[in-house]
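Observations on the model geometry
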Amino acid sequence: MTTTGAAPYAFWLAGRPARGEETFDVTSSWDGGLVGRVSVPDQDQVEQAVAAAAAATDAFAATPAHVRAAALDHVAKRLAERAEELAALITAENGKPLKWARGEVGRAVSVFRWAAEEARRFNGGEAQRLDTDPGGVGRLALTRRFPRGPVLGIAPFNFPLNLVAHKVAPALAVGAPIILKPAPATPLSALLLGELLAETEGLPEGAWSVLPVPNDRMPELVRDPRLPVISFTGSDTVGYQIMDSVPRKHVTLELGGNAAAVVLADWSSEQDLEWAATRIATFANYQAGQSCISVQRVIADAAVYDALAEKVVAKVRAQVTGDPNDAATDVGPLVSEAAAERVEQWVDDAVGKGAKLLTGGARDGATYAPTVLADLPGDAVLATAEAFGPVLSLHRVNGAEEAFAAVNDSRFGLQTGVFTHDLQIAFRAHRVLEVGGVIIGDAPSYRADQMPYGGVKDSGHGREGVKYAMDDYTYERVLVLTGLDL
């Protein structure tokens, strides 16, 4: 950390800009240049933010839906107006190619728009007559959902705006105060979002804070009893450490994966294979592989394996790698040189144990070339771990049952893509695959921001997607009315 230099970005304490004595630098993984200097909240400022969130709990829960919806609408509008600025900022701090950064901004706009719409229709109440038994004559139950309390949202670096939006927007929609902790590598997008939130009207003081707290200072914040809800997106190691440390809190974990794309024998025409290969090559590399649902494993039926493999390798080689600020670039650097070095070590480990390197396998600073492996041995790290880099492996199977067994042979279970035209197989995939989402006819990397999103096994616990996160941040409370003439 440093305490000198240009004026640092302020953080947001109970909706107001604030600065601490310490700062840290955010640098570009592409060229190493300084992107911004960020002020760090001290212990007293973190305490002020938590106290403000706790104090705002009742007032925010009672805030009219139209007020919350108007604030969310405002943010959606302002994100759209400042889309190019935000995309450039995402690219600068994350290394994500500009075209993918633009897509991320567009998705964040949709998240806040969806949240505004859900805020208007959420919590309408459900009436249930109780005179189905003699003791319930004259009684009516009314069930509504209420916030569990303030939320601690912990966001990752790979989608520094949209995954922040998935924490903040549902919390504001239900009237739950939120303290957002952005990733240390990419806090600037979240801080700019705070600037847009500060323009809104009607939200009580303490409804939101954006605090770039260093990771080593997080355990105390995680354990604070005034923050009964934790929403974490990141590694499975850290996520389960959090859950284990606070067993009485409500914890949502959106963790990693080693997502598979299954290509079955009926997906065999030239057009079919072109589509599958294009989608696989694109979504194995689209964030330099730094997505929980990036394609990592391609499980192909023997009937189509050879033709598909040839096309996948060609299309991976065609991915344009380079300056993320160039609109033509498909694959930029990883978030840091250390991340690229880890990917390099894992690929070298796989090749050393017998995997065939079909393309890629080279590192230049923080950039790792899009890579395809075949014959990956089971004892290679990449066979079981999440690559979180531009690496995919090809696997040959015989039939759908063997393919589905291969998908399930993983400690992760986030999403799977299944390329098939057979409706019966599609429904069977939905029934037997141990994942949170099955995408038919496309890569596993598809996500609509309004649909339920999350995994099973080591891929996490709970669901995001605006409405589903709103459910997660709230609980049902029943009101029984007695003596009614029903």
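The coordinates are above.
Attention here is on the structure that accompanies the text. Computed from a predicted model, the values in this text were never measured in an experiment.

1. Looking at the overall build of the chain
Regarding its fold elements, the chain presents 15 helices and 24 strands. For 486 residues, the compact-globule formula gives about 23 Å, and the C-alpha radius of gyration of the chain, at 24 Å, lands near that figure. Viewed in the frame of its principal axes, the chain has a C-alpha envelope of about 70 × 70 × 40 Å. Buried positions account for 56% of the 486 residues belonging to the chain. As presented, the chain carries roughly 19400 Å² of accessible surface, and 51% of it is formed by carbon and sulfur atoms. Positive and negative charge centroids in the chain, built from 44 and 61 side chains respectively, lie 4 Å apart.

2. Here we look at the sheet that holds strand S20 (residues 415–419)
Taken in spatial order, the 7 strands line up as S14-S17-S18-S13-S12-S20-S21 in an open sheet, and their pairing is mixed. In the strand order of this sheet, the two ends are held by strand S14 (356–359) and strand S21 (437–440), each with one partner. With strand direction ignored, the average angle separating the axes of adjacent strands in the sheet is 25 degrees. With respect to the sheet, helix H11 (residues 337–352) is in contact with S14, strand S17 (371–374) and strand S18 (391–397), its orientation differing from that of S17 by roughly 25 degrees.

3. Some details on the nonpolar core
Judged by nonpolar contacts, the single largest core of 81 residues is most densely connected at Leu72, Leu79, Phe112, Leu152 and Trp208. In terms of residues, this core owes the most to one element, helix H4 (residues 98–121), which gives 10 residues. Excluding residues that lie within four positions of it along the chain, Trp208 makes contacts with Trp12, Ala14, Gly15, Leu172, Ile178, Gly194, Leu197, Ala198 and Leu203. Formed by 34 residues, the second largest nonpolar core is a distinct cluster that contains Ala261, Ile280, Ile293 and Phe419.

4. Re unusual backbone geometry
Positive phi, close to 50 degrees, is recorded for Ala14, a residue that is not glycine. Mapping Ala14 onto the fold places it in the loop between strand S1 (11–13) and strand S2 (16–18). Note on Ala14: relative accessible area 7%, which makes it buried.

5. A short note on the packing of aromatic side chains
Aromatic ring pairs are described here by two measures, namely the spacing of the ring centres and the angle between the planes. In this structure the tally under the stated criterion is 6 aromatic pairs. Here the aromatic rings of Trp267 and Phe419 are separated by 5.4 Å at their centres, their planes lie at 70 degrees, and the arrangement is edge-to-face. Separated by 152 residues along the polypeptide, Trp267 in the loop between strand S12 (260–263) and helix H9 (270–285) and Phe419 in strand S20 bring together distant segments of the chain. Exposure class is identical for Trp267 and Phe419. Each is buried. Above the plane of the ring of Trp346 lies Arg342, whose end atom (NZ or CZ) is 4.5 Å from the centre. Note that Arg477 overlies the ring of Phe146, its terminal NZ or CZ placed 4.0 Å from the centroid.

6. Details of the sheet that holds strand S5 (residues 126–129)
Spatial ordering of the open sheet is given by S5-S6-S24, a layout of 3 strands whose pairing is antiparallel. Two strands lie at the open edges of the sheet, namely S5 and strand S24 (474–481), each paired on one side alone. Averaged over all pairs of adjacent strands, the angle between strand axes in this sheet comes to 30 degrees, irrespective of strand direction. When S5 meets strand S6 (residues 140–147), the two strands line up antiparallel, connected through 4 bridges. Residue pairing for S6: Gln128 is matched across the bridge by Ala141.

7. Concerning the layout of surface pockets
Its volume calculated, the largest pocket comes out at about 910 Å³. Lining the largest pocket are 37 residues, and of these Phe232, Thr233, Gly234, Ser235 and Val238 lie nearest its centre. Broken down by secondary-structure element, the contributors of at least two residues to the lining of the largest pocket are helix H7 (218–223), strand S10 (229–233), helix H8 (236–245) and H11. Among the elements that make up the lining of the largest pocket, the one with the highest residue count is H8 (6 residues). Partitioned by chemical class, the residues of the lining of the largest pocket number 21 nonpolar, 10 polar and 6 charged. Reported here for the second largest pocket is a volume of approximately 370 Å³. Around the second largest pocket, the lining is made up of 27 residues, and of these Arg107, Phe159, Tyr286, Ser445 and Arg447 lie nearest the centre. Elements with a minimum of two residues in the lining of the second largest pocket: H4, helix H5 (162–174) and H9. Considering each element in turn, the lining of the second largest pocket owes the most residues, 4 residues, to H4. Within the lining of the second largest pocket, the residues separate by chemical class into 12 nonpolar, 7 polar and 8 charged.

8. Here we look at empty space enclosed by the protein
In the structure shown here, the tally under the stated rule is 3 cavities of 30 Å³ or more. If you add up the space inside the largest cavity, you get close to 70 Å³. Asn258, Ala259, Arg297, Leu414 and Gln415 are the residues nearest the centre of the largest cavity, which is lined by 13 residues in total. Looking at the lining of the largest cavity, the elements with two or more residues in it are strand S19 (412–413) and S20. A breakdown of the residues in the lining of the largest cavity according to their chemical character gives 6 nonpolar, 6 polar and 1 charged.

9. Details of the pairing of strand S8 (residues 178–181)
What you see with S8 is no split at all: Ile178 and Leu180 on one side and Ile179 and Lys181 on the other are buried throughout. Relative to S8, strand S7 (residues 151–154) runs parallel, the two sharing 4 bridges. Within the sheet, the bridge partner assigned to Val151 lies in S8 and is Ile178. With respect to chirality, the unit in which S7 leads through H5 into the neighbouring parallel S8 is right-handed. Bridging between S8 and strand S9 (residues 208–210) involves 3 bridges; their strand directions are parallel. By the bridge assignment, Ile178 is partnered in S9 with Trp208. With helix H6 (residues 188–197) bridging S8 and its parallel neighbour S9, the resulting β-α-β unit is right-handed.

10. A short note on the side chain of Asp224
With respect to the helices, strands and loops of the structure, Asp224 is situated in the loop between H7 and S10. For Asp224, a relative accessible area of 12% corresponds to the buried category. Among all residues touching Asp224, those that are not within four sequence positions of it are Val50 and Lys249.

Here is what the cut-offs are and how they apply
Residues numbered from 1 in each chain as written. Predicted model: local features only at pLDDT ≥ 70, side-chain atom pairs only at ≥ 80, totals over all residues. Heavy atoms only, no water. Helix = DSSP H or I, 4+ residues; strand = E, 2+ residues; numbered from the N terminus. Rg over C-alpha atoms; globule rule 2.2 N^0.38 Å. Buried < 20%, exposed > 50% of the residue type's maximum accessible area, 1.4 Å probe, protein only. Areas by Shrake-Rupley, 256 points an atom, 1.4 Å probe, with all protein chains shown as cover. Lys, Arg positive; Asp, Glu negative; His and termini not counted. Charge placed at Lys NZ, Arg CZ, Asp CG, Glu CD. Pairing = 2+ DSSP bridges. Axes fitted to C-alpha atoms, helices over the stretch in contact; angles between N-to-C directions. Contact = heavy atoms within 4.5 Å. Core = buried A, V, L, I, M, F, W, Y, C linked by side-chain atoms within 4.5 Å. Phe/Tyr/Trp six-rings, centres within 6.5 Å; stacked < 30°, edge-to-face > 60°. Lys NZ or Arg CZ within 6 Å of the ring centre and 35° of its normal. 1 Å grid on protein atoms, 1.4 Å probe; cavity = no way out; pocket = protein on both sides within 12 Å on 5 of 7 lines; lining within 4 Å. Points joined across faces, edges and corners; volume = space filled by probe spheres on them. Nonpolar A, V, L, I, M, F, W, Y, C, P; charged D, E, K, R; others polar. Right-handed = clockwise from strand over helix to strand, strands pointing away.

All quantities given are derived from atomic positions and should not be read as evidence of function.
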